[in-house]
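# Tertiary structure, described
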Amino acid sequence: MEQAKKMNMKEKYNTMTGDLAWDFSYKTEAEIFPLSDFEGIKIEDWSKWQDPFRLTMDAYWKYQGEKERKLYAVIDAFGQNNAHLGVTDARYINALKIFLTAVTPLEYGAHRGFAMTGRAFPGVGAQVASQMQSIDELRHAQTQLHTISQYNKYFDGLHDPFHMFDRTWYLSVPKSYFEDALSAGPFEFITAISFSFEYVLTNLLFMPFMSGAAYNGDMATVNFGFSAQSDESRHMTLGLEVIKFMLEQHPDNLPIIQRWIDKYFWRGYRLLGIVGMMMDYMLPKRVMSWKEGWEMYFEQNGKMLFDDLARYGITMPKFWEQSVEEKEHLTHQLWLTFYSYGHAAAFHTWIPDDSELDWLSEKYPVTFDKYYRPRLVYLREQEKAGKRFYNPSLPQLCQTCQIPMVYTDPKNPTKRVYRETTYKGDKFHFCSDACKEIFEHEPEKMSQAWLPPHQIFQGNCGGATIPDVLKYYHFTENDGGEFLHSRDNANWNMWKGLTPDEEAA
Amino acid sequence: MAVKAAYENYSGPNRDAVENFHGNQLVYIGWDEHMMFPCAGVFPLPPQMPFGAVIKEVVPAAFSLHPDFANIDWGKVEWLLDGKSFNPTLDKSLEDNGVHHKSLIRMITPGLNGINNSGF
Amino acid sequence: MSEKMVFLALQDNEDARPIREAIEADNPLAVITQFPGVYKIDAPGRLVINRESVEERIGRAWNPQDIHLSLVTLSGNIDETEDYFALERT
């Protein structure tokens, strides 16, 4: 039997993706793809869509299968060897709690979103890329749940991530980001997630966090992280190609895309503040500070990628300078916020020990000793005196990012930023000019935001008292509050044969 | 500007319309230069509640954990209502003082600027 | 820095070691920064992984698409054929 000539990469890609499409005979394209043009994006020729990796479906399954085999071997070894005892200390697990409740449901959201874009886009290249990414994202949600379920056997706060995600006050921050994108059209969704989130910002989620997991002895998380991240490099590449494709197709697309880039850069930056807080405060052994991460991955790399897009007329996202001005303040303000609302969170909070305060001074020489160290030291003394501080009131949230309105003017860091606007006779409040502008562009949509404190007062969250609401969130009495007095800490000390004093030292 | 939607005349409910709060209105109250309370609090209050009652009942529940609180001279407190300086009449209601649904009240306590005057 | 940089990050494991060695051999301007579990490789303008260079080190056939198993992140425009995988920014 004569062997067929081996196809080269390009031929193989065309045969195994582009040629899989079919022509329509009894329905029009507009009937089959009704969501493809209402956003105003004009596509002249879908065949110009390029997948730079030229990954075909058969190669996709082969690589993904291999990644899964490697990952699940590690998860098994982890469980069989009680490897949860190998992490630096029990505080570290709280970073995983945030990851599982705030990020894993986003993976699932992305799975849904790319299933939508795969159906909505008329071009076969975009359909195949969407399909791969939709399956990737489902895999990420599953592997994260499977990996972290090892820790759920031993630690509090990991038992109900999806229930919490749909209800809890601080988890409305990631939820609202994703639902804003999911409820938009397919082009806005893919710009929001593939470009703004994956390409511009996701390095800051996975690189420091997974390197942090490695540094803190968390073999299982390192493995799911890097397994997921190998897909992310494909997603990031897609993000860049999507933007270039849309911009090359029609000049009218530029202002629409620029506005989406501005919007989702800012919303993504606000969301990533929580990751920054993990980097600076929650990893017992730290890899890099939020400020260093922001400089490396946004100010340097992000700047270069926007330089690449300048030929199409794209500029740096509006308000990016604000993110740079805030970098010496952001994580300290957020940690102090979660510390003060620690009784209503599903993870523990604490005051860093002295060597950790010194690390923060070194990384934040302009602000830490001047503003934030005295606050942390005061709160530590209060806690020692039996007066652990918890804020008794529900927070005022920003209508757009849904983060409590804690951000300050970087030039005057004891002055909070208050912005407001009026829509149909009602007032709406914002943490920043950027969040206000996002609202004012789409008030019909953003005025529908489900703000958890307001929902509590409307009677939609299980009752009027904090215990009622925590029950509605499925928080148990062991999930939140001060780390020093937590069951996690007591168990850890028992497992490791430590006295509380040794652990504190 | 308006949202671009897949159909004409897109709109949705104003999730936080005053009618949804069982006769109350939302009022935000923040204390400037006291970042121990990282943000303003939100409170559902009857529009008929006298401003004096807000000071006696709501404000202490929110802020009395701060050591500055006991030293406040209430005659010297400066108030901002929705960004403008404001002289509340204590025996008049929130409504009659111009405090509307989702109004923001900011409290400024001259001479009391947080722990060791640090704004915290 | 005024020069346009590209980068990629690889998992620090045995699968990726021959790729790293091939990069070091073929890209004299590449700079490697080690982090826990991962390393980041930065280079000005262009960074290439040649199939032949990897194959020399592992003694068997290697497909440039196999970097999907080791890649953590990247930045730059991709140029990929059967013989190499490259990142460019000009």
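This text follows the structure it describes.
A few points on the structure. (Residues numbered from 1 in each chain as written. Chains lettered and ligands numbered in written order. Predicted model: local features only at pLDDT ≥ 70, side-chain atom pairs only at ≥ 80, totals over all residues. Heavy atoms only, no water.)

## Points about the overall build of chain A
Here is the rule we go by: Numbering of helices and strands runs from the N terminus; a helix is a DSSP stretch of H or I covering at least four residues, while a strand is a stretch of E covering at least two. Buried residues are those whose accessible area, probed at 1.4 Å on protein chains only, stays under 20% of the maximum for their type, while exposed residues exceed 50% and partly exposed ones sit between those limits. Only heavy atoms enter the contact rule, under which two residues are in contact if any of them lie within 4.5 Å. Values of accessible area rely on a 1.4 Å probe in the Shrake-Rupley scheme; residue burial ignores everything except the protein chains shown. Positive: Lys, Arg. Negative: Asp, Glu. His and the chain ends are not part of the count. Where a charge sits is defined by one atom per residue type, namely NZ (Lys), CZ (Arg), CG (Asp) or CD (Glu).
The helix and strand tally for chain A stands at 21 helices and five strands. When its C-alpha atoms are laid out on the principal axes, chain A stretches across 80 × 65 × 45 Å. The buried share among the 505 residues of chain A stands at 64%. For chain A, the proportion of contacts with a sequence separation of at least 24, taken over those separated by at least 6, is 79%. Just so you have it, chain A exposes about 18,500 Å², and 53% of that area is on carbon and sulfur atoms. Once the 52 positive and 67 negative side-chain charges of chain A are each reduced to a mean point, those two points are 1 Å apart.

## Observations concerning the interface of chain C and chain A
Bring the parts together and some accessible area is lost; that lost area is often taken as the interface size. Defined as follows: When two parts are brought into contact, each loses some accessible area as probed by a 1.4 Å sphere; the total of that loss over both is the buried area. For salt bridges, the criterion is a side-chain nitrogen of Lys or Arg within 4 Å of an Asp or Glu carboxyl oxygen. Think of a polar contact as two N or O atoms within 3.5 Å of one another; within protein, one of them needs to be a possible hydrogen donor and the other a possible acceptor, and neighboring residues in sequence only count if both atoms come from side chains.
The interface is formed by 32 residues belonging to chain C together with 36 residues belonging to chain A. Summing the contributions of chain C and of chain A, the shared interface buries around 3,000 Å²; its carbon and sulfur component is 58%. Ranking the residues of chain C by area buried against chain A places P36(C), H68(C) and L69(C) at the top, with a combined share of 21%. In this structure, D308(A) engages R89(C) in a salt bridge whose closest nitrogen and oxygen atoms are separated by 3.0 Å. Counting across the interface, chain C meets chain A through 12 residue pairs in polar contact (both at pLDDT 80 or more).

## A closer look at the arrangement of the chains
Here the protein chains form two pairs of chains in contact, of which the pair with the most contacts is chains A and B. Chain B makes no contact with chain C; the smallest distance between any of their C-alpha atoms is 32 Å.

## Here's the deal with the pattern of salt bridges
Residue and element names in this part refer to chain A. With the rule as written, the count across this model stands at 48 salt bridges over all chains. D180 serves as the salt-bridge partner of K445, at 2.9 Å between the closest nitrogen and oxygen. Here D180 lies in helix 7 (residues 172–182) and K445 lies in helix 17 (residues 443–446), a separation of 265 residues in the sequence. By the burial criterion, K445 is buried, and D180 matches it. The salt bridge partner of E325 is K411, with a shortest N-O separation of 3.7 Å.

## Things to note about helix 3 (residues 57–80) of chain A
All names here are of chain A. In plain terms, the rule: A helix's residues, less one, multiplied by 1.5 Å, set its expected span.
If you check helix 3, its first and last C-alpha atoms are 35 Å apart, about what 24 residues at 1.5 Å a residue would give, namely 34 Å. Taken residue by residue, helix 3 has M57, A59, Y60, Y63, Q64, K67, L71, V74, I75 and F78 as its buried positions. Lining the buried residues of helix 3 we find helix 5 (124–152) and helix 9 (219–249).

## A few points about unusual backbone geometry
All names here are of chain A. Its identity as a non-glycine residue notwithstanding, K424 has a phi of 45 degrees, on the positive side. Here K424 lies in the loop between strand 4 (419–423) and strand 5 (426–430). With a relative accessible area of 69%, K424 lands in the exposed category.

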